[in-house]
Amino acid sequence: GGVTSYRDLARVIADRIVSNVASVTVEARPGGARTSVTLHVADEDMGKLIGKTGRNIEAIRAVVRAAGLRHHQRVQVELKDLR
């Protein structure tokens, strides 16, 4: 389980969505029962990562949340807006 696996999971999915894989960074901050995972991507990939009507980011959130549930963790995925 652990925090690194949530970070890796979010990263693997993000890497498949964006064009600029080199600029993807993922931070995971454990906070007791709540872990927060923040995704940073290149500006030009922001729209792709979010997807039409937020479909992609919702999918990432669902997968990471589901992984968290297995370990009784609430994991929240956020986007870092660099603008």
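Anyway, here's the lowdown on the structure attached to this text. Since the model is a prediction, treat every value here as computed from it, not as a measurement.

What follows is about the side chain of D45. Checked against the element boundaries, D45 lands in the loop between β2 (34–40) and α2 (46–50). Here S19 takes part through its backbone nitrogen, which lies 3.1 Å from a polar atom of the side chain of D45. Setting aside anything within four residues of it in sequence, one finds D45 in contact with V18, S19 and N20.

Right, let's talk about the pairing of β2 for a bit. Burial of β2 is extensive: six of the seven residues sit out of reach of the surface. Summarising the sheet, strand β1 (residues 25–31) and β2 pair through seven bridges and their orientation is antiparallel. Note that in β2 the partner of V26 across the bridge is L39. Joining the antiparallel neighbours β1 and β2 is a turn of two residues, in which G32 adopts a positive phi near 70 degrees. Relative to strand β3 (residues 74–79), β2 runs parallel, the two sharing six bridges. By the bridge assignment for β3, L39 is matched with L79.

What follows deals with the side chain of S36. In this structure, S36 sits in strand β2. Ignoring anything within four residues of it in the chain, the contact list for S36 reads E27, A28, R29, Q76 and E78.

Conventions and cut-offs
Residues numbered from 1 in each chain as written. Predicted model: local features only at pLDDT ≥ 70, side-chain atom pairs only at ≥ 80, totals over all residues. Heavy atoms only, no water. Helix = DSSP H or I, 4+ residues; strand = E, 2+ residues; numbered from the N terminus. Polar contact = N/O pair within 3.5 Å; in protein donor to acceptor, adjacent residues only side chain to side chain. Contact = heavy atoms within 4.5 Å. Buried < 20%, exposed > 50% of the residue type's maximum accessible area, 1.4 Å probe, protein only. Pairing = 2+ DSSP bridges.

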